[in-house]
Structures are given as C-alpha cells and as structure tokens.
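Coordinate inspection notes
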Amino acid sequence: MRSAAVPTRAGLMRPQQERSAATGARRIAKSLEGWYRRAKRDLPWRRSRDPYRVWISEIMLQQTTVRAVIPYYGRFLGAFPNVRALARAALPRVLAAWSGLGYYRRARHLHAAARRVVRMYGGHLPREDAALRDLPGIGRYTAGAIRSIAFGAPAPILDGNVARVLARLHGLRGPTASHQRRLWDETALLVAAAASPGDLNQALMELGALLCTPERPACGACPLRRRCAARAAGAQEIIPAPRRRRAPVEVTQALALVERRGRYLMHRRDGAALMEGLWEFPGLGDGSVDGLRLRPLELVAKLRHSITYRHITVEVRRARLLAEPSGGAYRWVAPDGLARLPVSSLVTKVLGRVIMSRTGVPVRQTTRPGVPGLRMTRTGVPVGRKPRPGHRVGHGV
Ligand code: SF4
C-alpha cells in the first residue's frame, strides 16, 4: 500500500521522504553546531543570552558591519543597561548614543518598543513570536533571532548571509529573493533539528560571514562541503545570482561652517526629513530657514560621502552670518558638545576634515566627535596635540 502524502516544505512529501529530509537536516545541524562551537568569533553580544542584549545587538547589526557595531554596543549598554533605562531616556539621548551608526529609524523604534515593553510586559521582552513582532522595529528575522538565542526556541531566521548559505547548499539558482519561501522552509527544518536553536542560527550567520562569503567562498574549510550542491556543480560563484542594485545617484551638497568663539552653528533636521532630529551643519542652499541668512566664503573642505545609493560630493564653505536664525532648530555647539547631540556620520567626517585642514593633524576617526575615536578639545584640536603656530581657534566670523 502506498503511504499517504503529507503537506510539508515544497509541497507534498511522502513520509519516507520526510524522514530522510529530517535525517539530512539533523546531520547538517550537527555539523553546523559543532563547527560553530569551534570556529565562532568572540563577539561581545555572544557573552550573554540576556534578551535585552540580544535584541540590541540584532537591531544594531542590521545593515551594519560587526566591526562598526562593537564600540556602539558597549557604549549603548553602558548608557542604557536594561529595558527600563532605555524606556526612561529621552529620545534625543538615545539618538545621540546611536549617532554615526546610521539608519536612525532603528534607534527610534528601539526606544518606542522599550517603552511598550515596560508598559505592557513589565520590562521583560515577550517570548512569543506574535508579541515580539508587534513591537516597533521587530520583524520575522529579529523575532527569530531573539527567540532562538535568548529563549532557546526553535525559531528560524533568514538574513542575507543565511540565504546565501542555503541557496548554495541546495543549489538554488537565481536571486535569493525568488526563493524566499523555500529558504524559510529550509531554515525552519534545520532549526527544528538543532540541539541548540540559538547556536544553529548563529552558525548559519557565522558561516555566511566567515566562509560562505559572496565572493571566493572558502569551501575547503566548510563543514557543509560534502553536501553542498553549488560546490558539487562548481557553481559557488554564481549562486545566488547577484541582486540588482539601484543605480547610484551623484549629488552635490554645500554646507556652511559658521563659527563663533569656538562653537559651530548647527541645525536640527525637522520631522519631515530623512534622519529627523539629527543635528547637522546648515546647508548653504537652505535659503532663509527660520530667518537664517548666510554669505558663503572660502571653501574649507571637499569630501565624498555615501548614503545607500546616493554618492554625495560635500563642499564645506566658511560662511558669514548675515541674520541670526530664530527658533530652537539652531544652536551654537562646541566640538565636544556634539557628543551629547545626535549627529550623523557626515558631521563627524566634516569636522575631522576641517580640523585636519587647520592643524595638519589627521584625526583618527573611527566613530564620532566627543567619543572614543575622535577626541577633541573644546577648541577643535585633537586631544594631546598643541595648536601649531598660527592655528586659529575660537575666532568669530
Ligand atoms: S561548500 Fe562552499 S559554497 Fe557550499 S556552503 Fe560551504 S562555503 Fe558555501
């Protein structure tokens, strides 16, 4: 008698096929978990399974490299060690701690979600998928990461790294976006077969980051090499097919450096703008926002900056203030005061270039003004360096 087919991944699968798929998944999961325990990097967020810490790290790591996240992660947790501390904080303080990390909507969502977690769950992140995904900024991937790593639940994840590994493992040609359902099914099968769902999910991400990289994957060292369809077909370099990227757009932006007694005039972006609430140098093309009137003077720096597909040529000109702006959207800020304000990485870059052009001293710029990586005195001179003769500080314009 033929055995009945049951609905399962990729349509109908007979019990025998299902058993062999489950056995295959168990073997793959075992290999991955074993490899992860031997090869994983010692990253700060891997030293704790505290749900709050897992949540912060997962949000920070979205669209951002591990290297960029590490200093932010420690500082952010220093400032906001738990959900209640984050919920209590004013939003500008949270944005200031996030400054330079980009994609500021993540910080706004974190803050709003923390308030909701305190209000609805007594300060404890919920364990259920639906409750987590109901919080601002938490989607299917992040909920899966929190549930598996912090709570040990067999919850699948699928990000770019995981999708690439699974597409190669199963020989799925074409862009990963065209195989989303199948990929979610495959990752769900693996995590269900894992001894430790958190380790399994992190193993998939780690494999994609360290070995199964977009170019030149290190198949010789891979724990999945004997099972990998892409490797067997010699197709690692063409699976998955690259995503079509949005064509880059060239943009020019003119910024005003208005200085008064060692402070710079800064402008807060309004609620309708991208990067709302961040402080920036006023634009020279802004016209007379809030009564501000400027006369552009000499060019002090020219630099390149990219935000997603926009490649920006930034020209920074010293400018004379012809009419004082009114309202709270403008403020005079000393360089070290920028540490307490939310600013974008462009402000950091501009300030570093301006200081370098005046002092001849390259500013080590790993994060942003006023925090480790770009340390300056109030007058805008890098810490530990004396102004060279003729260096003008604190002059008005
Ligand atoms: S064998 Fe190569 S292509 Fe296949 S999963 Fe491992 S690193 Fe990726």
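Rules of the game
- Residues numbered from 1 in each chain as written.
- Predicted model: local features only at pLDDT ≥ 70, side-chain atom pairs only at ≥ 80, totals over all residues.
- Near = placed C-beta within 6 Å.
- Helix = DSSP H or I, 4+ residues; strand = E, 2+ residues; numbered from the N terminus.
- Nonpolar A, V, L, I, M, F, W, Y, C, P; charged D, E, K, R; others polar.
- Axes fitted to C-alpha atoms, helices over the stretch in contact; angles between N-to-C directions.
- Parallel < 35°, antiparallel > 145°, perpendicular 65-115°, else oblique.
- Contact = placed C-beta atoms within 7 Å.
- Core = buried A, V, L, I, M, F, W, Y, C linked by C-beta atoms within 7 Å.
- Buried ≥ 20, exposed ≤ 12 C-beta atoms within 10 Å, placed from the backbone.
- Domains from an automatic or database assignment.
- Expected span 1.5 Å × (residues − 1).
- Pairing = 2+ DSSP bridges.
- pLDDT = per-residue confidence, 0-100.
- Left-handed = near helix turned anticlockwise from the far one by under 90°.

**Here's the deal with the site of the ligand**
The ligand sits among 14 residues. The nearest are C212, P217, C219, C222 and C228. Listing elements by their share of the shell around the ligand, those giving two or more residues are α9 (160–169) and α12 (229–232). Residue composition of the shell around the ligand, grouped by class: 10 nonpolar, one polar and three charged.

**Here's the deal with the packing of helix α1 (residues 15–39) against helix α11 (residues 197–210)**
Running from N to C, α1 and α11 cross one another at 75 degrees; their axes reach a closest spacing of 9 Å. Between α1 and α11, the angle falls in the class roughly perpendicular. Here A29, L32, E33, W35 and Y36 of α1 lie close against α11, whose contacting residues are D199, L200, Q202, A203, L204, E206 and L207. Within the contact of α1 with α11, the residues separate by chemical class into eight nonpolar, one polar and three charged.

**Comments concerning the nonpolar core**
As a rule of thumb, soluble globular proteins bury nonpolar side chains together. In this structure, I146, L257 and V350 are the most contacted members of the largest nonpolar core, which totals 95 residues. Counting contributing residues per domain, this core is built from domain 1 (20–232) and domain 2 (249–359), each supplying no fewer than three.

**Thoughts on α1**
If you check α1, its first and last C-alpha atoms are 35 Å apart, about what 25 residues at 1.5 Å a residue would give, namely 36 Å. Buried within α1 are the following residues: I28, A29, L32, E33 and Y36. Elements in contact with the buried residues of α1: α10 (180–192) and α11.

**Focus on the sheet that holds strand β7 (residues 293–307)**
Reading across the sheet, the three strands line up as β3-β8-β7 and stay open at both edges, with mixed pairing between neighbours. At either margin of the open sheet sits one strand with a lone partner, and together these are β3 (249–257) and β7. In this sheet, neighbouring strand axes are inclined to one another by 20 degrees on average, regardless of whether the strands run parallel or antiparallel. Where β3 and strand β8 (residues 310–323) come together, nine bridges link them in parallel fashion. The partner of T252 across the bridge, within β8, is T313. The strands touched by helix α13 (residues 345–359) are β3, β7 and β8; relative to β7, the strand with the most contacts, the crossing angle is about 115 degrees.

**Overview of the confidence of the model for the protein**
When the pLDDT values of the protein are averaged, the result is 85; 84% of them are 70 or greater. Below a pLDDT of 50 lies the segment residues 1–10, which in the model reaches 17 contacts outside its immediate sequence neighbourhood of four places, other chains included. Long-range and interchain partners of residues 365–397, a stretch whose pLDDT sits below 50, account for 82 contacts in this model, where long-range means more than four residues apart.

**Examining helix α8 (residues 140–151)**
With 12 residues, α8 extends 16 Å from end C-alpha to end C-alpha; this agrees with the ideal 16 Å at 1.5 Å per step. Within α8, burial applies to T142, A143, G144, A145, I146, R147, S148, I149 and A150. Buried residues along α8 sit against α2 (51–61), α7 (129–133), α10 and α11. A positive backbone phi angle near 70 degrees is found at G152, which sits one or two residues after α8.

**Topic: unusual backbone geometry**
Of note, the amide linkage connecting I239 to P240 takes the cis form, showing an omega dihedral of -10 degrees. Position of P240 relative to the elements: it lies in the loop between α12 and β3. We note that R216 has phi near 45 degrees; this positive angle belongs to a residue other than glycine. Counting through the fold element by element, R216 comes out in the loop between α11 and α12. Located in the positive-phi region is R261, a residue other than glycine, with phi close to 45 degrees. Residue position: R261 is located in the loop between β4 (259–260) and β5 (263–268). Overall, R261 belongs to the exposed group, with 11 C-beta atoms counted inside 10 Å.

**Overview of the packing of α8 against α11**
At a minimum axis separation of 6 Å, α8 and α11 run at an interaxial angle of 130 degrees. Our classification of the angle between α8 and α11 gives oblique. Classified by chirality, the crossing of α11 by α8 is left-handed. Residues G144, A145, S148 and I149 of α8 form the contact with α11, whose own contacting residues are P197, G198, N201 and Q202. Partitioning the contact of α8 with α11 into residue classes produces three nonpolar, five polar and no charged.

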